[in-house]
Protein chains: 2
Amino acid sequence: MSETLTDPRSLEVALGSRSYPIHIGPGLLGDPGRLTPYLAGQQVMIVTNETVAPLYLERCRAGLPAGLEVRELVLPDGEATKSLASVERIWDALLEAGFNRRCTLIALGGGVIGDMVGFAAACYQRGVAFIQVPTTLLAQVDSSVGGKTGVNHPLGKNMIGAFWQPRAVLVDTDTLATLPPRELSAGLAEVIKYGLIRDAEFLAWLEESMPALRALETPSLTRAIERSCALKAEIVAEDETEQGVRALLNLGHTFGHAIEAHQGYGIWLHGEAVGAGMLMAAELSARLGWLSAEQVARTRAIIEAAALPLTAPADMSAEDFLVRMRLDKKNINSRLRLILLRELGEACVHDATPPELLGDLLASFPRA
Amino acid sequence: MSETLTDPRSLEVALGSRSYPIHIGPGLLGDPGRLTPYLAGQQVMIVTNETVAPLYLERCRAGLPAGLEVRELVLPDGEATKSLASVERIWDALLEAGFNRRCTLIALGGGVIGDMVGFAAACYQRGVAFIQVPTTLLAQVDSSVGGKTGVNHPLGKNMIGAFWQPRAVLVDTDTLATLPPRELSAGLAEVIKYGLIRDAEFLAWLEESMPALRALETPSLTRAIERSCALKAEIVAEDETEQGVRALLNLGHTFGHAIEAHQGYGIWLHGEAVGAGMLMAAELSARLGWLSAEQVARTRAIIEAAALPLTAPADMSAEDFLVRMRLDKKNINSRLRLILLRELGEACVHDATPPELLGDLLASFPRA
């Protein structure tokens, strides 16, 4: 029998002794024994949020073998939860349950849950096992893969965290059926990003497939997630701790983080901010003479097709952007480094953007 | 000219790309340029405490090259400071100063400062550089070497932390001149430990040299620190993340941590608790038929010669010990693992101590 697009796909993030698989497909979540190979011991804590718990917690638990000591922790939903205080709640729960260093944490939810639970695992007793079970498209194609974990600080997003790889990532595409359309679009921002930075062919396929993706057609979703994860896995394998090429994954993020920080986290979705940020990066790339007007138009069109913002917040001045961008982690030794596009399908790190070009872009970019 | 015992000694902790040197000797702290090779960039924060700051902060700062952006943060002294709240103060200060991921933290102080600053560095922007400048004997021979970082939780010591290696360790033996005698003894507990677990010859040398060490004679101190660091570096190089042999470094610590947790951190010094704990481990080893009465007597004598406690706290019952020991990190899957002595100079991990033997020891061990 030939494989169909509804069969689970698996790929590997190649990181030596820290390598791990990503399994993608429908119906994985309740599949008995799916999680078993990745458990470090008998103690398991599933951490999720109030939105995801009623939808998928029971199914996740049902996918665990009998006889384990399983605990559950349900946190509030939302980016505002992505704080050190929430991570402390996880640590308190682990210690109150007497969990030892052979315990396993399961992160069931979107990127906020995955980042927080990963960070909690990274620092509990100096590091315990965890498994990513992402239930949003954004988490499935981006945050659950690559080992970046952490929480926000009032002075900056993801400022406190660690590199800590999961034992496995389990992507059940069925969970997208309950995802609000706005969050689907936010996830598509990162999918588009992979095309823009590294794979022009995938970008062209996305331009055709955007209606099918927004209609949640499983074969298209599976392909988009698989290709996105494969591109991310390649990059992470080349550069686990972001010394070089991994920085390209931040296309649109320096602008996007500035928007999120200015608005207060959780007003714009991360992917929405990245959507607008990618368009800003494309326009700046055009001002540097790298992209043609037609290529910028294609970028704008696919961002629009994904129902993502094409404008910056109305109340955000060029100066507001600059103040926020100076605090960005990628801004090394006070020199502003941006991820820009040499071509559609080819990103670069650029730290010599003339300040007046950037200032012009920030002043003239449309506001909502 | 031949090298003398007052010349700086250097040794290497061999951890591949994370290898780093330990420099040991008098006068290193204010030596210009000593720290320079280990700075990641232009931004440096020296973190110390209220006791150490008036003694050595100026000298540490003087050892840095001109032209850097140097900040200082002075935290309260004591084990009670070793909390997540203190680490948050460090992160707040770094963010308020706009420090980026090429910054360097310098931990100037004892084990508490080293562990906290190391953890702060491990998780600031997912990991920045740090340098250990330990000013207590305990930190010089133990906590500054090996990359264990972290803080206490109300439910357990060092429960939150990370493995994060420093760029270098700078041990200025002159700093011991201002160390209170009780803290010198606490450091000697760890020095004795290295002899007990791995080097019978060093143990014999320590038995002879204890008066010279307590009198702060520089050649003896330098030799004791160098040999202790070398033994620790060997063990850490074999087992960075404590999957095996590194556990032997915890001789006396399961008992000692129980004492510290029961008393409330900061009442007994860590080394004092370890001193009593090593004697408990030796006595239990004798009950298992491994050590002779004469060997236990030698163990007691050297612990006594270092002016360390030979008794457990008066108010601590056998049950108090057991409750605390069950929460210990070394207690994997609820089976109590203890580090015991096969011989003087040879430790082992033992997870099959008959409960009645342990109970008898805990009941009969003298109380103060």
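Residues numbered from 1 in each chain as written. Chains lettered and ligands numbered in written order. Predicted model: local features only at pLDDT ≥ 70, side-chain atom pairs only at ≥ 80, totals over all residues. Heavy atoms only, no water.

### Thoughts on the side chain of Gln 132 of chain A
Residue and element names in this part refer to chain A. To be explicit about the condition: Strands here mean DSSP runs of E at least two residues long; helices mean DSSP runs of H or I at least four residues long; both are numbered from the N terminus. Only protein chains enter the accessibility calculation, which uses a 1.4 Å probe; a residue is then buried when its area is under 20% of its type maximum, exposed when over 50%, and partly exposed in between. For this analysis, residues touch if any pair of their heavy atoms sits within 4.5 Å.
Along the chain, the position of Gln 132 falls in strand β6 (residues 129-134). Gln 132 gets classed as buried once you look at its relative accessible area, which sits at 4%. Those residues in contact with Gln 132 that lie beyond four places of it in its chain are Ala 107, Gly 114, Ser 143, Ser 144, Pro 166, Ala 168, Val 169 and Leu 170.

### Quick look at the UniProt feature "binding site: Zn(2+)" (unreviewed entry) in chain A
Residue and element names in this part refer to chain A. Here is the rule: UniProt positions are given in the numbering used here, feature names are shortened, and annotations may be inferred rather than shown by experiment.
Those places that UniProt annotates as "binding site: Zn(2+)" (unreviewed entry) correspond, in this numbering, to Glu 190, His 253 and His 270. The greatest C-alpha distance among the annotated residues, which extend across 81 residues, is 10.2 Å, indicating that they converge on a single site. Tracing the backbone shows Glu 190 in helix α5 (residues 181-198). According to the relative accessible area criterion, Glu 190 is buried, its value standing at 0%.

### Structural notes on the interface of chain B and chain A
Applied cut-off: Accessible area that two parts lose when put together, with a 1.4 Å probe and added across both, is what the buried area reports. A pairing counts as a salt bridge when a side-chain nitrogen of Lys or Arg comes within 4 Å of a carboxyl oxygen of Asp or Glu. Note on residue classes: Ala, Val, Leu, Ile, Met, Phe, Trp, Tyr, Cys and Pro are nonpolar, Asp, Glu, Lys and Arg are charged, and everything else, Gly too, is polar.
Each partner contributes residues to the interface: chain B has 34 residues there, and chain A has 34 residues. Across the interface of chain B and chain A, roughly 3,400 Å² is buried in total on both sides, 59% from carbon and sulfur atoms. Seen at the junction of chain B and chain A, the total is two salt bridges. The salt bridge involving Glu 242 of chain B is made with Arg 101 of chain A; its shortest N-O contact spans 3.6 Å. When contributions to the side of chain B that touches chain A are tallied by element, the ones reaching two or more residues are α2 (84-96), α3 (111-123), β7 (148-153) and β8 (156-163) of chain B. Each residue belonging to the side of chain B that touches chain A can be placed in one class, and the counts come to 14 nonpolar, 11 polar and nine charged.

### A short note on helix α2 (residues 84-96) of chain A
All names here are of chain A. Selection rule: Residue count minus one, scaled by 1.5 Å, sets the expected span of a helix.
Relative to the 18 Å expected for 13 residues at 1.5 Å per residue, α2 spans 18 Å between its end C-alpha atoms, a close match to the ideal helical length. Along α2, the positions that sit buried rather than exposed are Leu 84, Ser 86, Val 87, Ile 90, Trp 91, Ala 93, Leu 94 and Leu 95. Note on α2: the residue one or two positions beyond its end, Gly 98, has a positive phi of about 70°.

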